[in-house]
Amino acid sequence: LFYDIARCDEVFHPRSTVRHFAGSIAIMQRNPFSGRREFGWMSVVELPFEVDLNSRRLYHGHSLIDLQSRLRSEFSCFIKLCGNEFKRYPIKYGYPYAWIWGKQSQDVDRAIEVILAALKQHRRECRRCQFEGR
């Protein structure tokens, strides 16, 4: 919800007013997982899921854990899987997602491209996955 609201705000998401950030899907925010309260750029990616026999959604995001070191070394970005089934970062509302944070908006955007490619590959191999997001 915060992400959607912030994307409409010129302070948190400078879009076209600042050429450097034009076209970015990242928003400016404090890193809620850091005790240093540092500002940076974040974005979210919806996760693919399968529907089990009881019509429950089972989200597939564990494959993204393998990308953590690459995202950190190439883009200085961090990824967290947020959702009750991922245990460490449960959520109260909405569907599970991957949360990406970095110090530069362009780094976050490039990390998102890598994540989306990995999810696309996972969906191709899994064949049970459905996907409603971008």
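Above this text you will find the structure in question.
Residues numbered from 1 in each chain as written. Predicted model: local features only at pLDDT ≥ 70, side-chain atom pairs only at ≥ 80, totals over all residues. Heavy atoms only, no water.

Novice: Looking at this model, I keep getting lost on unusual backbone geometry. Mind explaining?
Specialist: Working note: non-glycine residues mostly have negative phi, and peptide bonds are mostly trans. Of note in the backbone geometry, serine 76 takes a positive phi value of approximately 55° without being a glycine. Within the secondary structure, serine 76 is located in the loop between α2 (68-75) and β5 (77-82). Unusually for a residue other than glycine, arginine 127 sits at a positive phi of about 65°. Here arginine 127 is to be found in the segment after α3 (105-126). Take arginine 127: its relative accessible area is 74%, and that puts it in the exposed class. (Helix = DSSP H or I, 4+ residues; strand = E, 2+ residues; numbered from the N terminus. Buried < 20%, exposed > 50% of the residue type's maximum accessible area, 1.4 Å probe, protein only.)

Novice: What's the story with the pairing of strand β2 (residues 39-46) in this structure? I'm lost.
Specialist: If a strand is regular, its side chains alternate between the two faces of the sheet. Where burial is concerned, most of β2 is hidden: 6 out of the 8 residues are buried. Inspection of the sheet shows β2 paired to strand β6 (residues 97-102) by 6 bridges, in the antiparallel sense. The partner of valine 44 across the bridge, within β6, is tryptophan 99. (Pairing = 2+ DSSP bridges.)

Novice: What's the story with the pattern of salt bridges in this structure? I'm lost.
Specialist: Counted according to the given criterion, the structure contains 6 salt bridges. The salt bridge involving lysine 103 is made with glutamate 38; its shortest N-O contact spans 3.7 Å. Placement of lysine 103 in the loop between β6 and α3 and of glutamate 38 in the loop between β1 (27-30) and β2 is noted, with a sequence separation of 65 residues between them. Note that aspartate 52 and arginine 56 form a salt bridge whose closest N and O atoms lie 2.8 Å from each other. Aspartate 52 sits in the buried class, given a relative accessible area of 16%. (Salt bridge = Lys/Arg side-chain N within 4 Å of Asp/Glu carboxyl O.)

Novice: I would appreciate a short explanation of α3 in the present structure.
Specialist: In an α-helix there are 3.6 residues to a turn, and that puts residues three or four apart on one side. Its 22 residues give α3 an end-to-end C-alpha distance of 31 Å, which sits within 8% of 32 Å, the value for a rise of 1.5 Å per residue. Of all the residues in α3, the buried ones are Ser105, Asp107, Val108, Asp109, Ala111, Ile112, Val114, Ile115, Leu119, His122 and Cys126. In this fold, the buried residues of α3 make contact with β2, α2, β5 and β6. The positive-phi residue at the C-terminal boundary of α3 is arginine 127, with phi of around 65°. (Expected span 1.5 Å × (residues − 1). Contact = heavy atoms within 4.5 Å.)

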